[in-house]
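# Structural description and commentary
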There are 2 protein chains.
Amino acid sequence: MTYDLWYWDGIPGRGEFVRLALEAGGIRYRDRARESEEALMADLGRERERPPFAPPYLVAGDLVIGQTANILLFLGERHGLAPEDQAGRLWVNQLQLTIMDLVAEAHDVHHPVAVERYYEDQKGPALLRARSFREHRMPKFLGWFERVLEWQGRWLAGGGRWSYADLSLFQVVEGLRFAFPRRMATLEPKLGRVVALHEAVASLNALREYLSSDRRLPFGDGIFRHYPELDGD
Amino acid sequence: MTYDLWYWDGIPGRGEFVRLALEAGGIRYRDRARESEEALMADLGRERERPPFAPPYLVAGDLVIGQTANILLFLGERHGLAPEDQAGRLWVNQLQLTIMDLVAEAHDVHHPVAVERYYEDQKGPALLRARSFREHRMPKFLGWFERVLEWQGRWLAGGGRWSYADLSLFQVVEGLRFAFPRRMATLEPKLGRVVALHEAVASLNALREYLSSDRRLPFGDGIFRHYPELDGD
């Protein structure tokens, strides 16, 4: 079966976490909204018994699956991108949900008061939120992943094989380096295992071609944004 | 097996979504942090191979399960609090993740720039965020649940039986009524199905005793807070 992935064109956003799993898993898919933006608006307008709240969503035959972590849970089970035992499956889901919390907070740094308005209209609060994110939230989240890897080894779910959560953590490191290069330069010396995981994902055979292709989108004005005034040591 | 639920004492918070599922499912549990606050700090400090990032977490024998939606996924499968087929299971997880997004946004209304600081230190940005939340986010989320119920019937996953997502939506309505009574009074006439679901959950036999017991905590200074200046028609 060829899956249909639906996500806003032009930014990697939350769609990228799904795309990385599809690419690394060698799973066939069509990136539908990149073929035509109107197609996404039309598809979102369709009457569905179980409608997605927002992109990304994945159409797999009769199944329409929304919410990034939920799509990954499905792909993980179906295509062996996570451990098969219950404990391992729940653990990878827990890791992914924690990553999604971090992603939401990274977004809210530049949109702390109104998602529907421009960054320039909320720059004052953004400066405050960025400071809290850099000083408190980044060390807390990244430090937790570092501790997890102390226990687990090279990959977040141990066992000598990557899971979809490893791919997502790779993407988070990419995004944070793009958005907060100075802060990451300060933090990374204490995050040796997270940095090593990032490198290990970047050099996976199954991803190397994808990462240098034009299917891989630059960050641009998406969830991770680089505003120098929001960065700091 | 008796589960151990760990969550901060004194507020319902995210722990309440788990508690409602345990209570409605007639599942035996100990509310560990309500027995002793020091016990929670000690338990959080334990070295664990798969540590939770934050409360709530559920200890089920050898399993330590973090992230609210993940705990509910586990309880749903184990205790029949969600459909058993894959499509239904993923749908309820998707509903729950959307509820958790709404809960995170409801929290950020009063803490838009720094979770570690007092509301009083971020009241200006909070007024802006509250306006966006009331005008854009509340109608968008609640309207989506209303549309879902138009298709599904009385319960979010159809099929004549409540799932854990229904219990969570009940709690969200409770929380929003507490935090934004004026706004909810304006919105509710257009949310007949959501309001009916709230009433249906409140009158479940399995919950009635719980909801009037002292195990059920008042909202207080938790995720849902009532600051009159953040409310509005």
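Residues numbered from 1 in each chain as written. Chains lettered and ligands numbered in written order. Predicted model: local features only at pLDDT ≥ 70, side-chain atom pairs only at ≥ 80, totals over all residues. Heavy atoms only, no water.

### Notes on the pattern of salt bridges
One pass over the full model with this rule turns up 42 salt bridges over all chains. Between D108 of chain B and R129 of chain A there is a salt bridge whose closest N-O contact spans 3.4 Å. Placement of the pair is D108 of chain B in helix α5 (residues 86–110) and R129 of chain A in helix α6 (residues 123–152), with the two residues belonging to separate chains. Each member of the pair, D108 of chain B as well as R129 of chain A, carries the same accessibility label: buried. For R215 of chain A, the salt bridge goes to E209 of chain A, with nearest N and O atoms at 3.1 Å. Its relative accessible area of 30% is what places R215 of chain A among the partly exposed residues. Counted as one network, the salt bridges with shared partners bring together E16, R19, D31, E174 and R216 of chain A. (Salt bridge = Lys/Arg side-chain N within 4 Å of Asp/Glu carboxyl O. Helix = DSSP H or I, 4+ residues; strand = E, 2+ residues; numbered from the N terminus. Buried < 20%, exposed > 50% of the residue type's maximum accessible area, 1.4 Å probe, protein only.)

### Considering a nonpolar patch on the surface
Residues and elements named next belong to chain A. Together, W8, M41 and L44 give the surface a local cluster of nonpolar side chains, amounting to about 260 Å² of exposed area. Looking at the secondary structure, you find L44 in helix α3 (residues 37–44). For L44, a relative accessible area of 31% gives the class partly exposed. (Patch = residues over 30% accessible without salt bridge, like charges linked within 9 Å, V, L, I, M, F, W, Y side chains within 5 Å. Areas by Shrake-Rupley, 256 points an atom, 1.4 Å probe, with all protein chains shown as cover.)

### Overview of empty space enclosed by the protein
Residue and element names in this part refer to chain A. Summed over all chains, the structure comprises 3 cavities of 30 Å³ or more. Its volume calculated, the largest cavity comes out at about 50 Å³. Lining of the largest cavity is provided by P12, G13, F17, Q171, F219, G222, I223 and F224. Counted by class, the lining of the largest cavity contains 5 nonpolar, 3 polar and no charged residues. (1 Å grid on protein atoms, 1.4 Å probe; cavity = no way out; pocket = protein on both sides within 12 Å on 5 of 7 lines; lining within 4 Å. Points joined across faces, edges and corners; volume = space filled by probe spheres on them. Nonpolar A, V, L, I, M, F, W, Y, C, P; charged D, E, K, R; others polar.)

### Focus: the packing of α6 of chain A against helix α9 (residues 192–202) of chain A
Helix packing geometry: the angle between the two helix axes and the distance between the axes. Residue and element names in this part refer to chain A. Close contact between α6 and α9 brings their axes to 8 Å; oriented N to C, the two are set at 80 degrees. Regarding the angle of α6 to α9, the classification is roughly perpendicular. Between α6 and α9, the residues in contact are L142, F145, E146, L149 and E150 and G192, R193, V194 and L197, respectively. (Axes fitted to C-alpha atoms, helices over the stretch in contact; angles between N-to-C directions. Parallel < 35°, antiparallel > 145°, perpendicular 65-115°, else oblique. Contact = heavy atoms within 4.5 Å.)

### Some points on the relation of the copies chain B and chain A
Superposing chain B onto chain A requires a rotation of 180 degrees together with a translation of 0.0 Å along the rotation axis, leaving an RMSD of 0.0 Å. A rotation of that kind, with that shift, is consistent with a two-fold axis. Take the interface residues of chain B: 98% of them recur as interface residues in chain A, which is what a same-surface contact looks like. (Least-squares fit on C-alpha atoms with pLDDT ≥ 70 in both.)

### Digging into the packing of aromatic side chains
Throughout the structure, instances matching the rule amount to 20 aromatic pairs over all chains. Centre to centre, the rings of W6 of chain B and Y57 of chain B are 6.2 Å apart; their planes meet at 15 degrees, and the pair counts as stacked. Of this pair, W6 of chain B sits in strand β1 (residues 3–6) while Y57 of chain B is found in strand β3 (residues 57–60), placing the two residues 51 residues apart along the sequence. Take W6 of chain B: its relative accessible area is 3%, and that puts it in the buried class. Pairwise contacts between aromatic rings join F53 of chain A together with W91, F141, W144 and F145 of chain B into one cluster. A cation over a ring is seen here: K140 of chain A above F53 of chain B, with NZ or CZ 5.3 Å from the ring centre. (Phe/Tyr/Trp six-rings, centres within 6.5 Å; stacked < 30°, edge-to-face > 60°. Lys NZ or Arg CZ within 6 Å of the ring centre and 35° of its normal.)

### A few points about the domain arrangement of chain A
Residues and elements named next belong to chain A. We note that the domain assignment places domain 1 (3–79) and domain 2 (86–204) within chain A. Summarising the inter-unit geometry, the C-alpha centres of domain 1 and domain 2 are found 22 Å apart. Opposite the 14 residues of domain 1 that make contact, domain 2 presents 15 residues. With both sides pooled, the region where domain 1 packs onto domain 2 buries about 1,200 Å², and carbon together with sulfur makes up 77% of that total. The interface formed by domain 1 and domain 2 includes 1 salt bridge. Linking domain 1 with domain 2 are 1 residue pair in polar contact (both at pLDDT 80 or more). Counting only elements with at least two residues in the side of domain 1 that touches domain 2, the list comes to α1 (15–24) and α4 (68–79). If you tally residues by element for the side of domain 1 that touches domain 2, the top one is α4, at 6 residues. When its residues are assigned to classes, the side of domain 1 that touches domain 2 shows 8 nonpolar, 3 polar and 3 charged. (Domains from an automatic or database assignment. Buried area = accessible area lost by both parts, 1.4 Å probe. Polar contact = N/O pair within 3.5 Å; in protein donor to acceptor, adjacent residues only side chain to side chain.)

### Thoughts on helix α1 (residues 15–24) of chain B
Across the 10 residues that make up α1 of chain B, a large majority, 10, are buried. Two residues or fewer past α1 of chain B, G26 of chain B is found with a positive phi of approximately 60 degrees.

### Examining the interface of chain B and chain A
With 49 residues of chain B at the contact, the number on the chain A side is 48 residues. Buried area between chain B and chain A, summed over both chains or domains, comes out near 4,500 Å², and the portion from carbon and sulfur atoms is 56%. At the surface where chain B touches chain A, the tally comes to 4 salt bridges. When the shortest N-O distance is used, the salt bridge between E77 of chain B and R89 of chain A registers 3.3 Å. On the surface where chain B and chain A come into contact, there are 28 residue pairs in polar contact (both at pLDDT 80 or more). Among the secondary structure elements, those contributing two or more residues to the side of chain B that touches chain A are β4 (63–66), α4 (68–79), α5 and α6 (123–152) of chain B. Of the residues contributing to the side of chain B that touches chain A, the split by class is 24 nonpolar, 12 polar and 13 charged.

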